[in-house]
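These are the residues of each chain, in order.
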Amino acid sequence: MVFRAAVLSVKLRRLEQANLLRRQRAFLYNEAFAGIDDIATPVEADYARHVYHIYAVRVQERDELRRFLEAKGIGCGVHYPIPIHLQEAWRNFGYSEGAFPIAENLAKEFLSLPMFPELTEEQIEYVVHCVSEAVGLEALV
């Protein structure tokens, strides 16, 4: 536990820089994906700054894209596969599948792409190239 605290105290001192680097990486992704209608990128509100702890895009065929990217050596993830109203903790509210169809559809579409401060432009270009290939487009970067 002490070791974890020591590591986190060092990381905390570098948090602003890490957030800035993730924001820069997200900008590169956003710029590259701007011309692909099949990919919805994160939106940053005018009144806030996103820190891009994760970079989740929306795609119709999420599971297929995930398998394709993993086959290309790209780690990606599904962070929120179950909408809140269908999670065990909310069972007492009596909601069932179909109660919130938009949330249910979104839960099937979000895919988290690689995002960390040390991510290089070359790595981002590779991810974008592979995503573009998967959705049937030529790479945009």
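Structure shown above.
No experiment lies behind these values; they were computed from the predicted model shown.

Criteria and cut-off values
- Residues numbered from 1 in each chain as written.
- Predicted model: local features only at pLDDT ≥ 70, side-chain atom pairs only at ≥ 80, totals over all residues.
- Heavy atoms only, no water.
- Helix = DSSP H or I, 4+ residues; strand = E, 2+ residues; numbered from the N terminus.
- Buried < 20%, exposed > 50% of the residue type's maximum accessible area, 1.4 Å probe, protein only.
- Contact = heavy atoms within 4.5 Å.
- Areas by Shrake-Rupley, 256 points an atom, 1.4 Å probe, with all protein chains shown as cover.
- Lys, Arg positive; Asp, Glu negative; His and termini not counted.
- Charge placed at Lys NZ, Arg CZ, Asp CG, Glu CD.
- Axes fitted to C-alpha atoms, helices over the stretch in contact; angles between N-to-C directions.
- Parallel < 35°, antiparallel > 145°, perpendicular 65-115°, else oblique.
- Left-handed = near helix turned anticlockwise from the far one by under 90°.
- Nonpolar A, V, L, I, M, F, W, Y, C, P; charged D, E, K, R; others polar.
- Expected span 1.5 Å × (residues − 1).
- Core = buried A, V, L, I, M, F, W, Y, C linked by side-chain atoms within 4.5 Å.
- Salt bridge = Lys/Arg side-chain N within 4 Å of Asp/Glu carboxyl O.

1. Brief notes about the overall build of the protein chain
At step 1: The number of helices and strands found in the protein chain is 5 helices and 2 strands.
At step 2: When each of the 141 residues of the protein chain is scored for burial, the buried share is 29%.
At step 3: In the protein chain, of all internal contacts separated by at least 6 residues, the share reaching a separation of at least 24 is 65%.
At step 4: When the accessible surface of the protein chain is split by element, carbon and sulfur atoms take 56% of a total near 9700 Å².
At step 5: Measuring between centres, the 15 positive side-chain charges of the protein chain sit 11 Å from its 20 negative side-chain charges.

2. Thoughts on the environment of Pro81
At step 1: With respect to the helices and strands, Pro81 occurs in the loop between helix 3 (62-71) and helix 4 (101-107).
At step 2: It is 10 Å that separates the C-alpha atoms of Pro81 and Asn105, two residues lying 24 residues apart in sequence.

3. Notes on the packing of helix 2 (residues 15-33) against helix 5 (residues 121-134)
At step 1: Two elements in contact, helix 2 and helix 5, have axes whose closest approach is 10 Å; the angle formed by their N-to-C orientations is 30°. Classified by the angle their axes make, helix 2 and helix 5 are roughly parallel. The way helix 2 lies across helix 5 gives a crossing that is right-handed. Contacts between helix 2 and helix 5 pair Arg25, Leu28, Tyr29, Ala32 and Phe33 from the former with Glu121, Ile124, Val127, Val128 and Val131 from the latter.
At step 2: Residue composition of the contact of helix 2 with helix 5, by class: 8 nonpolar, no polar and 2 charged.

4. Considering helix 5
At step 1: Here helix 5 spans 20 Å end to end across 14 residues, near enough to the 20 Å set by a 1.5 Å rise per residue.
At step 2: If you check which residues of helix 5 are buried, you get Ile124, Val127, Val128, Cys130, Val131 and Ser132.
At step 3: Contacts from the buried residues of helix 5 go to helix 2, helix 3 and strand 2 (110-113).

5. Brief notes about the nonpolar core
Nonpolar side chains in soluble globular proteins tend to end up buried together.
At step 1: Judged by nonpolar contacts, the single largest core of 23 residues is most densely connected at Tyr29, Phe33, Ile39, Tyr55, Leu69, Leu113 and Val131.
At step 2: Those elements that place two or more of their residues in this core are helix 2, strand 1 (55-58), helix 3, strand 2 and helix 5.
At step 3: Among the elements that take part in this core, helix 5 stands out by supplying 5 residues, more than any other.
At step 4: If near-sequence neighbours (up to four positions away) are discounted, Leu113 is found in contact with Tyr29, Phe33, Tyr55, Val57, Leu69 and Val127.

6. A word on the packing of helix 3 against helix 5
At step 1: It is the contact of helix 3 with helix 5, at a shortest axis distance of 10 Å, that shows an interaxial angle of 130°. With respect to their mutual orientation, helix 3 and helix 5 come out oblique. Crossing of helix 3 against helix 5: the hand is right-handed. In this structure, helix 3 contributes Leu65, Phe68 and Leu69 to the contact, and helix 5 contributes Cys130, Val131, Glu133 and Ala134.
At step 2: Looking at the contact of helix 3 with helix 5, its residues break down into 6 nonpolar, no polar and 1 charged.

7. Notes on the pattern of salt bridges
At step 1: Using the criterion set out here, one finds 8 salt bridges in the structure.
At step 2: Glu44 is the salt-bridge partner of Arg23, the closest N and O atoms lying 3.0 Å from each other. With Arg23 in helix 2 and Glu44 in the loop between helix 2 and strand 1, the pair connects residues that are 21 residues apart, well separated along the chain.
At step 3: The partner of Arg67 in a salt bridge is Glu64, with the nearest N and O atoms 4.0 Å apart. Of this pair, Arg67 and Glu64 both sit in helix 3, 3 residues apart, roughly one helical turn.

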